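Now for the letters of each chain:
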Amino acid sequence: MQHSLMLRRFCCFPTPSFSPSAVVFSTCAAATSSSSSSSSSKKKKKLVFLGSPPVSASVLETLLDASNAADSMFQVAAIVTQPPSGRDRGRKVMPSPVAQHALDRGFPADLIFTPVKASEEAFLTNFSAIEPELCITAAYGNILPTKFLKIPSLGTVNIHPSLLPLYRGAAPVQRALQDGVKETGVSLAFTVRPLDAGPVIACEKMEIDDHIKAPELLDLLFARGSRLLLQELPSIFDGSANTKAQAQDDSKATLAPKITQEESWLSFEQEALTLHNKVRAFAGWPGTRAKISVIDEKSDKCSELDLKIITSRVYHGNDVQGSKDDEVTFRKGSLIIPCGGNTALEVLEVQLPGKKVVNAAAFWNGLRGQKLKKLRL
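What you see is a predicted model; the values in this text were computed from it and never measured.

1. Quick look at the environment of Ile130
- As for its placement among the helices and strands, Ile130 is situated in the loop between α3 (121–129) and β7 (134–138).
- Counting along the chain gives 52 residues from Ile130 to Ala78, while the straight-line C-alpha distance between them is 7.9 Å.
- Once residues lying within four places of it in the same chain are set aside, the contact partners of Ile130 are Lys46, Ala77, Ala78 and Phe113.

In structure tokens:
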């Protein structure tokens, strides 16, 4: 067992059968080559894809489809993704969504690399042997060391779901929604050692409404980023992208740090708009939670609930109670929770621990006349 090599491949998997698998955009920046036929006079460029979560798998799908076209300029020579991990309730060890998608597409298992860290010498040796010309990253999840960045001759390009230099970091979509932005976008940028600080090849803006949640916005941005990448690949391959790429203005940079589980609690001392934006931003993982007191006036008993808030909006009724009144009411199919600044949060969907998501009406009916009060953190 060559565990010391720390290079994990999916050789233990059986060979899979092949299975094919209202926003406003505006562009803010600016392929034909040989096919794989014997008559071709040009060799396809070797592209390596790095990504891990489901949104990355959608980018990989786009690249694999494009690489199979008769006039494609490139081939996907290898894939780099996170190691298998325990997922779901049974904690069964499973390959990353990107690895699983590649296997389902019939991609060679021995060309799927899963190093714990991209700095592992064994990985770098094997990766270098492929002689990659271009690397594309999309939510890979590992820091790429200088040794790695020096290997692909044409560099590494990242699909980043923000308008760089805004929201550099691990959670750009979530932090943008948390801030309540009305416009965001996706950027293609060369990868350099400082995080998300490389020259921007192209970007595309996107207007968003007050209700879109992080998982939906991630899907939209990476889908658009994939198309933008295909448009820009010819300039990346011929080197002209290096000339037109614009250096970022570091003085305008903002950060998007990783989200933690501890941030998921809602504090109703804050205004409703702030809380609604947090519900949208943290949708999926880690979600947003609230402490609610359930009062049975008949038995004079009181219990505490950890309630997950799934869908919300700002309440615009004229009867908003002051934040000192802690009672949670039910009106027209929604829970109304008083918040700071004489505002209120309208909650449309909730989830109890271990239960399915239900609408507010179903939750309220299940209380059987018991009253609710918000609890202060």
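2. Examining the packing of aromatic side chains
- Per the stated rule, a full pass over the model turns up 6 aromatic pairs.
- Ring centres 5.9 Å apart and planes at 70 degrees place the aromatic pair Phe113 and Phe123 in the edge-to-face group. Taken together, the residues Phe113 in strand β6 (residues 112–113) and Phe123 in helix α3 connect sequence positions 10 residues apart.
- The buried category is assigned to Phe113, whose relative accessible area is 1%.
- Taken together, a centroid distance of 5.6 Å and an interplanar angle of 25 degrees make the contact between Phe123 and Phe127 stacked. Of this pair, Phe123 and Phe127 both sit in helix α3, 4 residues apart, roughly one helical turn.
- Overall, the relative accessible area of 0% leaves Phe127 in the buried class.
- An aromatic cluster of three or more residues is present, and its members are Phe113, Phe123, Phe127 and Phe148.

3. Remarks on the environment of Leu375
- By the element assignment, Leu375 lies in the segment after β17 (371–374).
- A sequence separation of 85 residues divides Leu375 from Ala290, and the C-alpha atoms of the two residues are 7.9 Å apart.
- Discounting chain neighbours no more than four positions away, the residues touching Leu375 are Lys291, Ile292, Ser293 and Glu304.

4. Observations regarding the packing of helix α1 (residues 54–67) against helix α6 (residues 214–238)
- Across the interface, α1 lies against α6 with an axial gap of 9 Å and an inter-helix angle of 25 degrees. Judged by the angle between their axes, α1 and α6 are roughly parallel. In the packing of α1 onto α6, the handedness of the crossing is right-handed. Residues Val55, Val59, Thr62, Leu63 and Ala66 of α1 form the contact with α6, whose participating residues are Leu218, Asp219, Phe222, Ser226, Leu229 and Leu230.
- For the contact of α1 with α6, a count of residues per class yields 8 nonpolar, 2 polar and 1 charged.

5. Structural notes on the layout of surface pockets
- Quantified by volume, the largest pocket comes out at close to 1,700 Å³.
- Together, 49 residues line the largest pocket, and Pro53, Ala139, Tyr140, Gly141 and Ala170 are the ones closest to its centre.
- With 5 residues, the single largest contributor to the lining of the largest pocket is α6.
- Counted by class, the lining of the largest pocket contains 30 nonpolar, 14 polar and 5 charged residues.
- Approximately 170 Å³ is the volume attributed to the second largest pocket.

6. Observations regarding the side chain of Arg168
- Note on placement: Arg168 falls in the loop between β8 (156–160) and α5 (172–178).
- Engagement of the side chain of Arg168 in a polar contact is seen with the side chain of Asp250, the distance being 2.7 Å.
- With near-sequence residues (within four places) excluded, Arg168 lies in contact with His160, Leu195, Asp196, Ala197, Gln248, Asp250, Ala253, Thr254, Leu255 and Ala256.

7. What to know about the side chain of Gln174
- As for its placement among the helices and strands, Gln174 is situated in helix α5.
- For Gln174, a relative accessible area of 16% translates into the label buried.
- With sequence-adjacent residues up to four places away left out, Gln174 is seen in contact with Ala214, Leu218, Ile259 and Ala281.

Conventions used here
- Residues numbered from 1 in each chain as written.
- Predicted model: local features only at pLDDT ≥ 70, side-chain atom pairs only at ≥ 80, totals over all residues.
- Heavy atoms only, no water.
- Helix = DSSP H or I, 4+ residues; strand = E, 2+ residues; numbered from the N terminus.
- Contact = heavy atoms within 4.5 Å.
- Phe/Tyr/Trp six-rings, centres within 6.5 Å; stacked < 30°, edge-to-face > 60°.
- Buried < 20%, exposed > 50% of the residue type's maximum accessible area, 1.4 Å probe, protein only.
- Axes fitted to C-alpha atoms, helices over the stretch in contact; angles between N-to-C directions.
- Parallel < 35°, antiparallel > 145°, perpendicular 65-115°, else oblique.
- Left-handed = near helix turned anticlockwise from the far one by under 90°.
- Nonpolar A, V, L, I, M, F, W, Y, C, P; charged D, E, K, R; others polar.
- 1 Å grid on protein atoms, 1.4 Å probe; cavity = no way out; pocket = protein on both sides within 12 Å on 5 of 7 lines; lining within 4 Å.
- Points joined across faces, edges and corners; volume = space filled by probe spheres on them.
- Polar contact = N/O pair within 3.5 Å; in protein donor to acceptor, adjacent residues only side chain to side chain.

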